[in-house]
Structures are given as C-alpha cells and as structure tokens.
Amino acid sequence: MCRFVCYSGDEMPVRPIVFGGSHTLVRQSHDAREMGHGIHNADGYGVGWYHGGRPARIREARPIWHDPDLEDVLSSVRSRCSLALVRSASPGIPLDRGEVAPFVFERWSFGLNGYVRKFHTHAMRALRSTLPDELYARIRGTSDTETLFLLAVAEVWKGASPGTALARAAERACSLDVRCKLNMILADGRNLAVIRTSNFDETNSLYFARRHPLAPGGTLIASERLDENAEWRVVPPHSVIEVTEGGEPRITEVDALPRKPALASVGAGGAG
C-alpha cells in the first residue's frame, strides 16, 4: 500500500514533503503506521514538481533510503505544487522504474495509494478499452496506476475539473466486479485534487493540513500525518479534497460510487 505526500501553495523547496516532520515519508517507506497490511514501501519512490508550468520528476525502482543525494537535490528545487510517493507494488505488476509514480502527461501528474484488485485478469481490458485512441497509444506499462491516470486525463479532456475527473475514473473502476481501494492524486501545477474512496466499506487513510509549519504558505495532503501537529485534519472517506492555486482546501462528497460491502471479507491484494 503506497504512501504519499503532496503540496499546493506558495513556492517552497520540495524537500519538506519527503524529509520533513517526525514521521517523514522516508520513514513511512519502512515504518508506515496506517497501512491495511504491512509497514514497508520499498518497491520504489517518485518525486514530482513543476517548473515553468511543466511537470518534472525523479523516480527509481529501489527503496528511497538508497539514494543519499536525494535530500540535497530536493533542497535546491522549489515549486508551487509537488508530490512524492513511496511504493509497495501490487502482485503481478513489474518492479521496474516505468511502473513507479508519479506518472506525467502534458501538464498533468498523478499518483495512486491503493489498487484495482485482479487488474490484469478482470479489469485492465475493460478500463483501457474506454480510452480515446490518443491516450491508449500512450500506455507504456501494465499497472492499474497508469490506467487510472489516463482515465482521469480523458475526463479532463472532456472538460472535467481535476476532482471530478478523479471521481469519474474511480466510478469506472469501482463499477467492475473487483475490489478497489483508491486514493488518487491529480495535479497540473496550479490545481491539486486528491480522492479518498473504495467500492467497499474500508478506505485508505488521508489527512490534510493548512499552513502547517512544514509548509506555512499552502496545504499539505498526506496518507499519514507527518507529525503530531494539531493542524492535521482527516479527509472523510468517499470524498475529494481540491486546492486551487492560492485558495483554501475544498472537500466534497463523492456521489453515487458503486459499493460492494460483501467484498469487505475478501483478503486484500497488494497495493499500487
């Protein structure tokens, strides 16, 4: 089950979203507190930010603690919008760099904490067949993460906001007869949206903090709180949190997602 942190607000170094706090994202790579299964996220990491309105990223298919230069690099990079993830790969999805988030296309960047269970055998064809040809041709890997990203981009192309695009991509996946647990990030450098949902009773954890000491000029959103600061608030299950450049966070309920309570008794799969 991957862990992530993302930020939107005034320009600041990217370093704090990875190395800031007493419960850093680096620590969550080997000592996560709120994962449904396990504590390790050692199957890769990725960090994304925006420069000149375009997404840039670093990603590797190795544990984040193996990169001794990352902290220095991120200390020298500044951005108004950034995201970072540590990965626990779903069974059957390759452990290579091409499957590590963040995924980027045009001005969009994306990350997933969760999974579409039985993706290759029950969901991949059904979801990818709905993509427009131009996006289908962009597929490079076999992951649920990449597919959900392109589904969200397809909705943006139709005129949806980032939050609505995530909700529609989630609805598409949750309508299938498979178990889905989906915390997803979609950003374009000015707007940031994160959804917390699933098609059964359990969802992954999600928090946000406005004007936290680590990021006093904006909003942090994270799978797990980075410290015990009182600014952290829970993002409710089955909702979307959106931050527009310079604005306050806005939380809206996700409407009418398919629910499959009976699936709650099925053993969890791996995490995307």
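All figures in this text were calculated on a predicted structure; none of them were measured in a lab.

Section: the pairing of strand β4 (residues 78-86)
For step 1, the next point in the chain: Where burial is concerned, most of β4 is hidden: seven out of the nine residues are buried.
For step 2, the next point in the chain: Judged from the eight bridges that link them, strand β1 (residues 3-13) and β4 form a sheet pairing that is antiparallel. Among the inter-strand pairings, Tyr7 is bridged to a residue of β4, identified as Ser82.
For step 3, the next point in the chain: The pairing of strand β2 (residues 45-51) with β4 spans five bridges and is classified as antiparallel. Looking across to β4, one finds that Trp49 is bridged to Ser82.

Side note on the pattern of salt bridges
Close approach of charged atoms allows side chains with opposite charge to pair.
For step 1, the next point in the chain: Here the structure, examined in full by the defined rule, presents 18 salt bridges.
For step 2, the next point in the chain: A salt bridge links Glu11 to Arg78; the nearest nitrogen and oxygen atoms lie 3.3 Å apart. Placement of Glu11 in strand β1 and of Arg78 in strand β4 is noted, with a sequence separation of 67 residues between them.
For step 3, the next point in the chain: For Arg78, a relative accessible area of 44% translates into the label partly exposed.
For step 4, the next point in the chain: The partner of Arg172 in a salt bridge is Glu155, with the nearest N and O atoms 3.5 Å apart. Pair noted here: Arg172 is in helix α7 (residues 162-174) and Glu155 is in helix α6 (residues 144-157), with a separation of 17 residues, a long-range link.
For step 5, the next point in the chain: Judged by its relative accessible area of 5%, Glu155 falls in the buried class.
For step 6, the next point in the chain: Each of Glu155, Lys158, Arg168 and Arg172 takes part in one network of salt bridges that share partners.

Quick word on the side chain of Ser82
For step 1, the next point in the chain: On the secondary structure map, Ser82 appears in strand β4.
For step 2, the next point in the chain: You can call Ser82 buried: its relative accessible area is 2%.
For step 3, the next point in the chain: Apart from the residues within four sequence positions on either side, Ser82 is in contact with Val5, Cys6, Tyr7, Val14, Ile17, Gly48 and Trp49.

Remarks on the sheet that holds strand β7 (residues 180-187)
For step 1, the next point in the chain: Pairing within the open sheet is antiparallel, and its six strands lie in the order β5-β6-β7-β8-β12-β13. Of all strands in the sheet, those with a lone pairing partner are β5 (103-105) and β13 (250-253), marking the two edges. With direction set aside, neighbouring strand axes in the sheet form an average angle of 15 degrees.
For step 2, the next point in the chain: Relative to β7, strand β6 (residues 108-116) is paired through eight bridges, and the arrangement is antiparallel.

A short note on the sheet that holds β1
For step 1, the next point in the chain: Reading across the sheet, the seven strands line up as β3-β2-β4-β1-β10-β9-β11 and stay open at both edges, with antiparallel pairing between neighbours. At either margin of the open sheet sits one strand with a lone partner, and together these are β3 (54-60) and β11 (233-234).
For step 2, the next point in the chain: Both strand β9 (residues 207-212) and β11 contribute to a ladder of two bridges, which runs antiparallel. In the strand pairing of β11, Phe208 is matched with Arg233.

Comments concerning the packing of aromatic side chains
Any aromatic ring pair is given by two values, namely how distant the centres are and how the planes are angled relative to each other.
For step 1, the next point in the chain: Under the defined criterion, the tally for this structure stands at two aromatic pairs.
For step 2, the next point in the chain: Centroid distance Phe105 to Trp157: 6.1 Å. Interplanar angle 50 degrees. Geometry classified as tilted. Here Trp157 lies in helix α6 and Phe105 lies in strand β5, a separation of 52 residues in the sequence.
For step 3, the next point in the chain: For Phe105, a relative accessible area of 9% translates into the label buried.
For step 4, the next point in the chain: Aromatic side chains Phe110 and Phe149 sit 5.3 Å apart centroid to centroid with 20 degrees between the ring planes, which places their arrangement in the stacked category. Of this pair, Phe110 sits in strand β6 while Phe149 sits in helix α6, and the two are 39 residues apart along the sequence. Both residues of the pair, Phe110 and Phe149, count as buried.

Reading the values: the criteria
- Residues numbered from 1 in each chain as written.
- Predicted model: local features only at pLDDT ≥ 70, side-chain atom pairs only at ≥ 80, totals over all residues.
- Heavy atoms only, no water.
- Buried < 20%, exposed > 50% of the residue type's maximum accessible area, 1.4 Å probe, protein only.
- Helix = DSSP H or I, 4+ residues; strand = E, 2+ residues; numbered from the N terminus.
- Pairing = 2+ DSSP bridges.
- Salt bridge = Lys/Arg side-chain N within 4 Å of Asp/Glu carboxyl O.
- Contact = heavy atoms within 4.5 Å.
- Axes fitted to C-alpha atoms, helices over the stretch in contact; angles between N-to-C directions.
- Phe/Tyr/Trp six-rings, centres within 6.5 Å; stacked < 30°, edge-to-face > 60°.

Function-wise, these values are silent; they only describe arrangement.
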